[in-house]
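These are the residues of each chain, in order.
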Amino acid sequence: QVQLVESGGGLVQPGGSLSLSCAASTSAFSLYTVGWYRQAPGKQRELVATITSGDSPNYADSVKGRFIISRDNVMKSVHLQMNSVKPEDTAVYYCNADRRIVGDYRLTYWGQGTQVTVSS
């Protein structure tokens, strides 16, 4: 079982910046695709950004050019730098770690979530 612990959420003004971090408990962290998803009230959880074990990032169109995802395999952590935030970025942000083992069998883990509120 892998534990993911998020930190860094809070209240930020529109146009401001915020950084999220997620620390993982697994020594196999470098083998996982890790990333961030978010869920706003009344909406489904959606992908924000992921980064593969090979350091290839993927972003939702809504955050491209504003958010930056990075990982530190030594510290077993993934970070999300959120810039030029908008009110529509308000949501609970969840850290995710995913790894394909064989065939369709995957290991997927979620953090407990951290609230991000963009408001003046």
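Predicted model only: the values in this text are computed from it and were never measured.

## Looking at the packing of aromatic side chains
Then, in step 1: Taken as a whole, this structure holds two aromatic pairs when the rule is applied.
Then, in step 2: A centroid spacing of 6.3 Å and a plane angle of 55° characterise the contact between Tyr-32 and Tyr-109, whose relative ring orientation is tilted. Of this pair, Tyr-32 sits in the loop between β3 (18-24) and β4 (33-39) while Tyr-109 sits in strand β10 (residues 105-110), placing them 77 residues apart in sequence. Across this residue pair, the class does not change: Tyr-32 and Tyr-109 are buried.
Then, in step 3: Directly above the ring of Tyr-94 sits Arg-45, whose terminal nitrogen or CZ lies 3.7 Å from the centroid.
Then, in step 4: Stacked on the ring of Trp-110, the Lys or Arg Arg-45 has its end atom at 4.6 Å from the ring centre.

## Here we look at the pairing of strand β5 (residues 46-51)
Then, in step 1: In terms of strand pairing, β4 meets β5 through five bridges, oriented antiparallel. Residue Val-34 lies in a different strand from β5, and its bridge partner there is Ile-51.
Then, in step 2: Counting the residues that bridge the hairpin from β4 to β5 gives six residues, and of these Gly-42 lies at a positive phi of roughly 80°.
Then, in step 3: Strand direction decides the pairing type here: β5 and strand β6 (residues 57-59), joined by three bridges, are antiparallel. Within β6, the position partnered with Ile-51 by the bridge is Pro-57.
Then, in step 4: Here β5 folds back onto β6, and the loop between the two strands holds five residues, one of which, Asp-55, carries a positive phi near 75°.

## With respect to the state of the cysteines
Then, in step 1: Applying the stated criterion across every chain yields a total of one disulfide.
Then, in step 2: In this model Cys-22 forms its disulfide with Cys-95; the gap between the sulfur atoms is 2.1 Å. Handedness of the Cys-22-Cys-95 disulfide follows from its S-S torsion of about -85°: it is left-handed. Of this pair, Cys-22 sits in strand β3 while Cys-95 is found in strand β9 (residues 91-102), placing the two residues 73 residues apart along the sequence. Across this residue pair, the class does not change: Cys-22 and Cys-95 are buried.

## Comments concerning unusual backbone geometry
Then, in step 1: The phi torsion at Lys-76 lies on the positive side, around 55°, for a residue other than glycine.
Then, in step 2: Checked against the element boundaries, Lys-76 lands in the loop between β7 (67-72) and β8 (77-82).
Then, in step 3: Owing to a relative accessible area of 26%, Lys-76 belongs among the partly exposed residues under this scheme.
Then, in step 4: For Ser-84, which is not glycine, the phi torsion reads 50° and is therefore positive.
Then, in step 5: You can call Ser-84 partly exposed: its relative accessible area is 41%.

About the cut-offs
- Residues numbered from 1 in each chain as written.
- Predicted model: local features only at pLDDT ≥ 70, side-chain atom pairs only at ≥ 80, totals over all residues.
- Heavy atoms only, no water.
- Phe/Tyr/Trp six-rings, centres within 6.5 Å; stacked < 30°, edge-to-face > 60°.
- Helix = DSSP H or I, 4+ residues; strand = E, 2+ residues; numbered from the N terminus.
- Buried < 20%, exposed > 50% of the residue type's maximum accessible area, 1.4 Å probe, protein only.
- Lys NZ or Arg CZ within 6 Å of the ring centre and 35° of its normal.
- Pairing = 2+ DSSP bridges.
- Disulfide = S-S within 2.5 Å.

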